[in-house]
Amino acid sequence: MYGPLKVFNGRAHPALAEEICARLGIEQGRVTLYSFSDGENYVQIDENVRGADVFVVQPTSPPVNDNLMELLIMLDAFKRSSASRITAVVPYYGYARQDRKDKPRVPITSKLAADLITAAGADRVLTLDLHASQIQGFFNIPVDHLFAAPVIVDHLRKLNVKKLTIVSPDAGGVERARAYAKRLNAALAIIDKRRTGKNQTEVMNIIGDVRGRNVFIVDDIIDTGGTLIHSVEALMKQGATSINAACTHAVLSGIAVDRINKSALDKVICTNSMPTADKQAECKKLKPLTIAKLLSEAIKRIHNESSVSSLFKM
């Protein structure tokens, strides 16, 4: 139904696209990308894509606006070059946390970003661990929503940690933490927190026993690290033996790296949904796991029109 499989990438995460192409056994698509002196992005596709099944790998990671705009321009270029189908591969979907009107007179920016991606020419979206699953409904095109849990759980299983407790840092992450705990045959604990201001949280209570346990805090995003560090401090007070963390998206903005380096955390496991090399250089506690195998398998199945549903499972 569709033409040859072609994978292109923007400037957000070329290393991930390179790894995906290596696993698929294909060459990366050729494209010219640069910015003019005033900041405008320029895109030119350097090969024929007429009738091709095109996948554009571009997480909208920091700088979010630059990478989102480049993605939109690339999608428009492929649409105008008569690609048969265009799939936006967005491992990290920026603006996902602005997904509802929780205050008067605020936008739902994750819906706006979805509309922009659709209007720019995407026929479908492949993404990973959205902050809220219902964001899939913001798109009027098919969305393949993968989970990083199999990758992280497999790593934790190999560590063979004794007396393991999986901790959700807030009520919203309970389903994720429960899925981890079930697959690892571990205990479950939940931190009840209250947000006191922008990027500020106060730990209120810990539900579950963590005394004398080896704890793994699991979350989808670590941004400034405020929630994580407050959780670590509360768990230490409750007598946890060791504390590690795992997340899908290591945004680590602002003073996050400094906070982690000074904390009682042993390791922070994350995925390479966005570039991590510069953060690893500053934070020896950071351990990235690759999601290239997961994404390449999804791309192959989408191209072959076979089922992707087994990859959705946590």
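You'll find the structure just up there.
Residues numbered from 1 in each chain as written. Predicted model: local features only at pLDDT ≥ 70, side-chain atom pairs only at ≥ 80, totals over all residues. Heavy atoms only, no water.

**Student:** What am I meant to see in the overall build of the chain here?
**Tutor:** Scanning the chain from terminus to terminus reveals 9 helices and 14 strands. Its C-alpha radius of gyration of 20 Å places the chain within 12% of the 20 Å reference for a compact globule of 314 residues. Across the 314 residues that make up the chain, the buried fraction comes to 54%. Pairs at least 24 apart in sequence give 63% of the contacts found in the chain among residues at least 6 apart. For the chain, the computed accessible surface area is about 14,700 Å², with 49% contributed by carbon and sulfur atoms. Of the side-chain charges in the chain, 41 are positive and 33 negative, and the distance between the mean point of each set is 6 Å. (Helix = DSSP H or I, 4+ residues; strand = E, 2+ residues; numbered from the N terminus. Rg over C-alpha atoms; globule rule 2.2 N^0.38 Å. Buried < 20%, exposed > 50% of the residue type's maximum accessible area, 1.4 Å probe, protein only. Contact = heavy atoms within 4.5 Å. Areas by Shrake-Rupley, 256 points an atom, 1.4 Å probe, with all protein chains shown as cover. Lys, Arg positive; Asp, Glu negative; His and termini not counted. Charge placed at Lys NZ, Arg CZ, Asp CG, Glu CD.)

**Student:** Just checking my understanding: could you explain the environment of Thr241 for this structure?
**Tutor:** By secondary structure assignment, the location of Thr241 is in the loop between α6 (226-237) and β12 (242-250). For the pair Thr241 and Asp115, spaced 126 residues apart in sequence, the C-alpha to C-alpha distance is 47 Å. Setting aside residues up to four positions removed in sequence, Thr241 forms contacts with Gly212, Arg213 and Asn214. A polar side-chain atom of Thr241 sits 3.3 Å from the main-chain carbonyl oxygen of Gly212. (Polar contact = N/O pair within 3.5 Å; in protein donor to acceptor, adjacent residues only side chain to side chain.)

**Student:** Just to check I follow, could you spell out the state of the cysteines for this structure?
**Tutor:** Two cysteines, two sulfur atoms, one covalent bond between them: this is a disulfide. Here the structure, examined in full by the defined rule, presents 0 disulfides. In this structure Cys270 is not part of a disulfide, and its nearest cysteine sulfur, from Cys247, lies 5.4 Å away. Take Cys270: its relative accessible area is 0%, and that puts it in the buried class. (Disulfide = S-S within 2.5 Å.)

**Student:** Explain the pattern of salt bridges here, please?
**Tutor:** Tallied over the entire structure, the rule returns 17 salt bridges. The residue Arg124 makes a salt bridge to Asp144 at a minimum N-O spacing of 2.9 Å. On the criterion of sequence distance, the pair formed by Arg124 in strand β6 (residues 124-128) and Asp144 in strand β7 (residues 143-146) is long-range, its members being 20 residues apart. Asp144 matches Arg124 in its accessibility class, with the two residues each being buried. (Salt bridge = Lys/Arg side-chain N within 4 Å of Asp/Glu carboxyl O.)

**Student:** Just to check I follow, could you spell out the sheet that holds strand β4 (residues 53-57) for this structure?
**Tutor:** In a beta sheet, neighbouring strands are held together by backbone hydrogen bonds and run either parallel or antiparallel to one another. An order of β1-β4-β5-β6-β7 is seen for the 5 strands of this open sheet, with the pairing classed as parallel. Looking along the sheet, the strands with just one partner apiece sit at the ends: β1 (5-9) and β7. The average undirected angle you get between the axes of adjacent strands in this sheet is 20°. The sheet contact formed by strand β5 (residues 85-90) and β6 spans 4 bridges and is parallel. In the sheet register, Ala88 faces β6, and the bridge partner there is Val125. Strand contacts of helix α2 (residues 64-80): β1, β4 and β5, with the helix running at about 165° to β5, the strand carrying the most contacts. (Pairing = 2+ DSSP bridges. Axes fitted to C-alpha atoms, helices over the stretch in contact; angles between N-to-C directions.)

**Student:** Is there a simple way to think about unusual backbone geometry in this case?
**Tutor:** The phi angle of most residues is negative, glycine excepted, and most peptide bonds adopt the trans form. With an omega of -5°, the peptide bond running from Pro62 to Pro63 counts as cis. Here Pro63 is to be found in the loop between β4 and α2.

**Student:** How do you make sense of the environment of His249 when you look at a structure like this?
**Tutor:** Locating His249 in the fold gives a position in strand β12. When the C-alpha atoms of His249 and Asn272 are compared, they prove to be 7.6 Å apart, with 23 residues separating the residues in sequence. Ignoring any residue separated from it by four or fewer positions in sequence, one finds His249 in contact with Pro91, Tyr92, Leu128, Asp129, Asp220, Ile221, Ile222, Ser273 and Met274. Within polar-contact distance, the side chain of His249 engages the side chain of Ser273 at 2.8 Å.

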